[in-house]
Each structure stands twice: as structure tokens, then as C-alpha cells.
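Chain by chain, the residues:
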Amino acid sequence: MKNKELIRIGNNTSPVFVSEIPDKHFKRLWQLHVGSHTNTTVVVLADKQVYDLHQSWIESFTSRLNITVANTQLLVAGEKIKQLAVAETIINEWIALSIPKNAIILCIGGGTITDLGGFIASVYKRGLRLINIPTSLMAMTDASIGGKNALNLGTYKNQIGTFHAPLFTFVAPEFLKTLPETEMASGYAEMMKHGLLEGKNFLKKMLNIVPNAAAPSTSLLVDSIRIKIQIVDSDPTEKSKRMFLNLGHTFGHAYEGFFATSGQPITHGCAIAWGLTEILFASESICNLHSKKIKDVAAWLNQHYRFDTIPIWEQLKEYIVSDKKNISSSFRIVLLNELGRPFIQAIDENGLKSIHSLFCNKNGLRNLGINN
Ligand code: GLY
């Protein structure tokens, strides 16, 4: 990408736009996708912290559109808002306000906001139009794209969800300037997942990244979004290839659930970094996958997302058994035949237990403490 202020990624159904000059582009895209002749009712669902930091900008672009903002929900973002009870409260308010079926939900925030907003958009009066403005790296490269949303059931991740594609997703890297370092690092872990699925130049670039407070270049951001969009467009409802995007997530979600329950929550990206490392070791063992790059990726993940303790299988099991990716008594995990060549493997509980004990015993990178 060279000096392009506005990049379009994806097909006509639900494109992603990356804009270096959001003030200039948002109105034009709104008019293109929504129209400007009739006044549109809009409901805003936003991360309160993001809204407070960027209020004047958000209000300046909404005030230039032919819309009526009928309700603004400002939420303290986090996994705890991804609950049916929160969705129900918002829906009740909108019913009381007579929000019509032709309204648009505008989601401004990270992945928990776009997940909640996407879910409500898909069920309120059997479906409202949705526009996402992701503000975290995780949401820009993953959660806000492709229409998959989910709510948690207690601490069991993503047990309830739908597919509901946004009219478009508007990525303004500008928002990353105020993103906390832990959230930036969390997003970089999902980008590394895209690197493993791509296996070539993007992966090479990711290995040179230090996942700290610095935002990625717009070109790296665009490459990461492109990898996800290519997969989503080939299989929007996750019948086949889209499952590859779950790389590292079976164990990752279990870690996230386990640590949330234990009262010491970790970021989604940290959990995924651990889950990816686990899958790299499993792919080495099951698929005979050996390459220097695998070791480089495992070392990168270990260096930047290290934890002090790993829960044992008995502690993780219940979170894996509840995982949505599993059918009947077997589990489906994504392994790598080679870098850039993922495949789905059906595996039983003992197989997963062996993968986990391999991971716990692996001490090539560091000694892992096991917390009983
Ligand atoms: N986050 C995985 C997917 O969108 O399929």
C-alpha cells in the first residue's frame, strides 16, 4: 500500500475500509452504503472509555450525517458485557423507545462491544443493519470483521451467537493512538495467528514485530485484515475453511475461561498466544512439522506472552468440553501440516489430554510451572 488514504478490502456484501483520514471518508461511505435521502434512526453502542476520549470526533461525524441518534449506550467494555442479560436490558430500552426495524446499530469499540452489538443487531426485530467502527487492534483485525458474534454463558466463552454481517466495517488506525499497551499486545497475538495461516511474507514481518504499545503500520494492518477476509469470503458461515480461524482457540478459550473463573483474567490475546504455542507443539508431534520458523514463532510467543503457571488438564477440561467448536464426543482442532497449511483434525478427549501434557512437559523454551 503506497500513500493510499482509503483502502477497501473484501467483497460488496460486507467490505472493510481502512481510512487514514476518517473525517474525510466516513460520511462518503455512509452515503454510499446507507443513502442520504431519508433520515435514518441510529442507535449507538460504544465503549465508554473510547467515547470519552474521542467524543468530539464521533459527534462531529455523526452530526454531519442525515441521521437521528435515538439512543446511545455507553458500556464499560470487557467479557462481562457479553451476556444475555446485558443484551436483554438494551433491547428492553430500545423497545420502550420504539426503535424501528429500519434503524442502524453503530458499534464503536473493541471486540466485546462489536460482539454484543452484532448479536443484538441480529435478533432485535429479527435483524437491524449494523455498522462497525472497531477501536482496538483485536477488533480491527478480527472481531469486527466477518459477521460472527457471540455472547458468553457465565465464564464459558462464546456459547451463544449468530452470523450477522455489518453493512461495512470502518477501520480508523487513529483510534489505536489511545489503545492501552496490554490491549495492543492482545491484538498482535491474533495477527500472529493470521501469520501462521499465511505462512509467508506476512509471517516474516510479524516475527520482526515487538508487540508493545506501538501500533502496526497501516500496511501490516491491511495485510492482516486481508488474510481474514479472504478466508471469511470463501466460507462466511464456517462450514469448512473458516474453521481455520479457530487456530489456537480450543486451548486459548479454555485458558481464558479458567483464568476468568479464578479471578485473575488474562487478555484474549494472551490466551490465544498460549493456545497457538500448544498447537505448534502438537503439529510438530502429530504432523512431523519441523521448521526453524516454527521454533521462531514459538519463541516469539513465549517471549512476549509468557505466563507463570499453566493449569493442568483436569482444570482445563471443563472449559474445552463446553467449547462451541466440538461436535458429539469428538473435538475438532486446527493443526498445521506446514506453515500456511492448516487442516481440521478430529480428536478425542485423550488426544487433547496428550497434547496438553506434551505442552506442559515441553521444556525446550522454558520450564513451565504447573499450578495444582
Ligand atoms: N474469529 C474467528 C472468526 O471470525 O471466524
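**Q** I'd love a proper account of the overall build of the chain, names of residues and values included.
**A** Of the regular secondary structure elements, the chain holds 13 helices and 13 strands. For the chain, the C-alpha radius of gyration of 20 Å lies close to 21 Å, the compact-globule estimate for 372 residues. Projecting the C-alpha coordinates of the chain onto the three principal axes gives extents of approximately 60 × 45 × 35 Å. Residue pairs in contact within the chain that sit at least 24 positions apart in sequence constitute 75% of those at least 6 positions apart. A gap of 6 Å separates the mean positions of the 38 positive and 31 negative side-chain charges of the chain.

**Q** Residue-level account of the packing of helix α6 (residues 181–198) against helix α11 (residues 292–304), with values.
**A** At a closest axis distance of 12 Å, the pairing of α6 and α11 adopts a crossing angle of 175 degrees. Accordingly, the angle class assigned to the pair α6 and α11 is roughly antiparallel. Along its contact with α6, which presents Tyr188, Met192 and Leu196, the element α11 presents Val297, Trp300 and Leu301. Looking at the contact of α6 with α11 residue by residue, the class counts come to 6 nonpolar, no polar and no charged.

**Q** Describe in detail empty space enclosed by the protein, supporting the description with residues and values.
**A** Tallied over the entire structure, the rule returns 5 cavities of 30 Å³ or more. When its volume is computed, the second largest cavity comes out at roughly 60 Å³. Lining of the second largest cavity is provided by Thr114, Asp115, Gly118, Leu130, Asn132, Ala143, Ser144, Gly147, Lys148, Asn149, His164 and Pro166. Every element with two or more residues in the lining of the second largest cavity is listed here: α4 (111–123) and β6 (129–134). In terms of residue count, α4 provides more of the lining of the second largest cavity than any other element does, 3 residues in total. Within the lining of the second largest cavity, the residues separate by chemical class into 3 nonpolar, 7 polar and 2 charged.

**Q** Which residues make up the environment of glycine 340, and what are the values?
**A** Structurally, glycine 340 can be placed in the loop between β11 (331–338) and β12 (341–347). A relative accessible area of 24% means that glycine 340 is categorised as partly exposed. Each C-alpha atom of the pair glycine 340 and glutamine 159 lies 28 Å from the other, and the pair is 181 residues apart in sequence. If we skip the residues at most four places from it in the chain, glycine 340 touches Leu196, Leu197, Glu198 and Gly199.

**Q** Could you give an account of the pairing of β11, naming the residues involved and the relevant values?
**A** Note that β11 and β12 share 7 bridges and pair antiparallel. Across the sheet, residue glutamate 338 finds its bridge partner in β12, namely arginine 341.

**Q** Could you give an account of the site of the ligand, with specific residues and numbers?
**A** The environment of the ligand is formed by Asp142, Lys148, Lys228, Arg242 and Leu245. Between a nitrogen atom of the ligand and a side-chain N or O atom of aspartate 142, the distance comes to 3.1 Å. For the ligand, an oxygen atom lies 2.6 Å from a polar atom in the side chain of lysine 228. Its residues placed into classes, the shell around the ligand shows 1 nonpolar, no polar and 4 charged.

**Q** Please set out the sheet that holds strand β5 (residues 104–109) residue by residue, giving values where relevant.
**A** With mixed pairing, the 7 strands of this open sheet are ordered in space as β1-β2-β9-β6-β5-β3-β4. Strands with a single pairing partner mark the edges of an open sheet, and in this sheet they are β1 (6–9) and β4 (67–75). Strand-to-strand, the axes of this sheet are offset by a mean angle of 20 degrees, without reference to chain direction. Alignment of strand β2 (residues 16–19) against strand β9 (residues 168–171), held across 3 bridges, turns out to be parallel.

Procedures and definitions
- Residues numbered from 1 in each chain as written.
- Predicted model: local features only at pLDDT ≥ 70, side-chain atom pairs only at ≥ 80, totals over all residues.
- Heavy atoms only, no water.
- Helix = DSSP H or I, 4+ residues; strand = E, 2+ residues; numbered from the N terminus.
- Rg over C-alpha atoms; globule rule 2.2 N^0.38 Å.
- Contact = heavy atoms within 4.5 Å.
- Lys, Arg positive; Asp, Glu negative; His and termini not counted.
- Charge placed at Lys NZ, Arg CZ, Asp CG, Glu CD.
- Axes fitted to C-alpha atoms, helices over the stretch in contact; angles between N-to-C directions.
- Parallel < 35°, antiparallel > 145°, perpendicular 65-115°, else oblique.
- Nonpolar A, V, L, I, M, F, W, Y, C, P; charged D, E, K, R; others polar.
- 1 Å grid on protein atoms, 1.4 Å probe; cavity = no way out; pocket = protein on both sides within 12 Å on 5 of 7 lines; lining within 4 Å.
- Points joined across faces, edges and corners; volume = space filled by probe spheres on them.
- Buried < 20%, exposed > 50% of the residue type's maximum accessible area, 1.4 Å probe, protein only.
- Pairing = 2+ DSSP bridges.
- Near = heavy atom within 4 Å.
- Polar contact = N/O pair within 3.5 Å; in protein donor to acceptor, adjacent residues only side chain to side chain.

Read these as geometric descriptors, not functional statements.
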